[in-house]
Amino acid sequence: MDIIPAIEKEILSQPKRIAITMHTNPDADALGASLGLAAFLKKKNHHVSVIAPTNYPEFLDWLPGIADVIIYEKNNQQLSFELIANADIIFCVDFAVLNRINDLAGPVSQAKATKIVIDHHLDTEDFADVMLWNPKATAAAELVYELIEALGETNCIDKSIAECLYVGILTDTVSFKTPNTTPHVHRIVANLLEFEVDVAKINKLVYDSNSLNKLKFLSFILSNRLTVLPDYKTAYIAIKSADAKQFNLNTGDTEGIVNYALSIKGIVLAALIKEKHDRVCISLRSVGDFAVNTFAKEYFHGGGHKNAAGGMSNLSLEETITTFEKLVKHNQDLLKQ
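Scope of this entry: the structure provided in the associated data block. Each chain carries its own residue numbering, running from 1 in the written order of its sequence. Selection of residues for local features in this predicted model requires a pLDDT of at least 70, selection of side-chain atom pairs for listing and counting requires 80 or more, and totals for whole chains, interfaces and linings are taken over all residues. Only hydrogens and water are removed before side-chain values are computed, so all heavy atoms of the structure are retained for them.

Turning next to the overall build of the protein. A tally of regular secondary structure across the protein gives 13 helices and twelve strands. Radius of gyration means the value over C-alpha atoms here, while the globule rule gives 2.2 Å times the residue count to the 0.38 power. For 337 residues, the compact-globule estimate of 2.2 N^0.38 gives 20 Å, and the C-alpha radius of gyration of the protein, at 20 Å, lies within 12% of that figure. Expressed along its principal axes, the backbone C-alpha trace of the protein runs to roughly 60 × 40 × 40 Å. Throughout, exposure labels follow a simple rule: accessible area from a 1.4 Å probe, protein chains only, divided by the maximum for the residue type, with under 20% read as buried, over 50% as exposed, and the rest as partly exposed. Counting every position in the protein, which comprises 337 residues, the buried fraction comes to 50%. Contact criterion: two residues are considered in contact whenever any of their non-hydrogen atoms come within 4.5 Å of each other. In the protein, the share of contacts with a sequence separation of at least 24, taken over all contacts with a separation of at least 6, comes to 65%. Only the protein chains shown count as cover for residues, and all accessible areas are computed by the Shrake-Rupley method using a 1.4 Å probe. Working note: accessible area of the protein is about 15700 Å², and carbon and sulfur atoms make up 48% of it. Counted charges follow a simple rule, with Lys and Arg positive, Asp and Glu negative, and His plus the chain ends left uncounted. Note on charges: their place is set at NZ of Lys, CZ of Arg, CG of Asp or CD of Glu. Separation of charge centres in the protein, based on 32 positive and 41 negative side chains, amounts to 4 Å. Note on conventions: DSSP H or I runs of at least 4 residues are helices, E runs of at least 2 residues are strands, and numbering of each starts at the N terminus.

This is the structure in structure tokens:
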């Protein structure tokens, strides 16, 4: 993607007050891209604050710079509002619709700052001054690398920046398994690895740092909460709020679990349906031509990528499950691929 026409170098030519924010329940790409961008901008003498609407998964607490992330929901509301209101530039990383940042949507929308979106999701909203948007990109971290490259500043990349961007690409490609994992992406990763990124160490931190409770929880839900609808090539896992409480789950402990349902032979559509105190959250995955972003947008107030999306329901868990099964049957012709 040719970023240079979309952003003038002059925007970042002099030190600015910059706020970087990311979507609610930030994943490795949202955090990695944001922290990599923040580290780069700090090298250019900008004053940078990174704000997350909600807490992040514990397995990412090793990321360089993560100790400085301001978590809005942890009694940092006023500080977050002030940093956004006083910013010269606001980078919106890994989202392009304001409802993805919950209570920060209003302050970001009303801020006088230049707003720059860095995102690869299909859904967009007209609130930004600059859109560094490419739905074909694997990750926001890929776009951050391309921005640095377009600015002619790859000499500023160091090990910490490379680690942050690498983990974003690694996780959003599901370890380089997604269809959009192109030769271009591998070339970016190869460039990042030149900065002594410890691939084995990062993979272990991301994928092999499970708590005993999480493993017991995984065993429990696969035995008791997995439903397979073979006639409709669909599988889903429904998690009750009591389940999470029973196993004392931490933020991010259910991340990736939907892929177990998708891994079943013959399954085209998989869902993780998770009960929370005020709503039901839905993670959707698919293979082939079944577009879960369209499914999520049409039925569950959501969106995302063609094969990875999410949404929510204001119904009870049981009612959401019933609705989901009816919708699956309604879309059975699309699932027979």
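Its place among the elements puts Ser 80 in helix α2 (residues 77-86). By relative accessible area, which is 0% here, Ser 80 ends up buried. Setting aside residues no more than four positions away along its own chain, Ser 80 makes contact with Ile 51, Ile 70, Tyr 72 and Leu 104.

With respect to the helices, strands and loops of the structure, Thr 171 is situated in helix α5 (residues 159-172). Given the relative accessible area of 18%, Thr 171 is considered buried. For this analysis, a polar contact is any N or O atom pair within 3.5 Å, provided that within protein one partner can donate a hydrogen and the other can accept it, and provided that sequence-adjacent residues contribute only side-chain to side-chain pairs. A distance of 2.8 Å separates a polar atom in the side chain of Thr 171 from the backbone oxygen of Val 167. Sequence-distant contacts of Thr 171, that is, excluding residues within four places in its chain, are made with Ala 28, Asp 29, Val 206 and Tyr 207.

A separate point is the sheet that holds strand β10 (residues 280-286). To summarise the sheet geometry, strands pair through backbone hydrogen bonds and adopt either a parallel or an antiparallel arrangement. Two strands make a pair as long as DSSP finds a minimum of two bridges between them. Reading across from one edge, β7-β8-β9-β10-β12-β11 is the order of the six strands in this open sheet, with mixed pairing throughout. Edge positions in the sheet fall to β7 (226-229) and β11 (303-304), since each has one partner strand and no second.

Turning our eyes to something else, we now look at the sheet that holds strand β6 (residues 130-133). Strand order in this open sheet of six strands is β3-β2-β1-β4-β5-β6, and the pairing throughout is parallel. Edge positions in the sheet fall to β3 (70-71) and β6, since each has one partner strand and no second. Across two bridges, the pairing between strand β2 (residues 47-52) and β3 is parallel. By the bridge assignment for β3, Ile 51 is matched with Ile 70. Across the sheet, helix α1 (residues 28-43) is in contact with β1 (17-22), β2, β4 (89-93) and β5 (114-119); its angle to β1 comes to roughly 170 degrees. Interaxial angles span 0 to 180 degrees and are taken between N-to-C directions of axes, which are lines fitted to C-alpha atoms, for helices over the stretch in contact. Across the sheet, α2 touches β1, β2, β3 and β4, and the angle it forms with β2 is around 135 degrees.

Once that is clear, we can look at helix α11 (residues 292-299). When we look at burial in α11, the residues that qualify are Val 292, Asn 293, Phe 295 and Ala 296. Projected onto a plane normal to the axis of α11, the buried residues spread over an arc of 160 degrees and lie on a single side. Residues of α11 that are exposed and point over 90 degrees away from its buried face: Lys 297 and Glu 298. Where α11 is buried, its residues touch β9 (269-275), β10, β11, β12 (308-313) and α12 (317-330). Of the residues trailing α11, His 301 is marked for its positive phi of about 55 degrees. Throughout, the arc means that of the directions going from the helix axis to the C-beta atoms.

Cysteine sulfur pairs qualify as disulfides if the two atoms are within 2.5 Å. Throughout the structure, instances matching the rule amount to zero disulfides. With no disulfide partner, Cys 156 has as its closest neighbouring cysteine sulfur the one in Cys 164, 15 Å distant. Judged by relative accessible area, which is 10%, Cys 156 ranks as buried.

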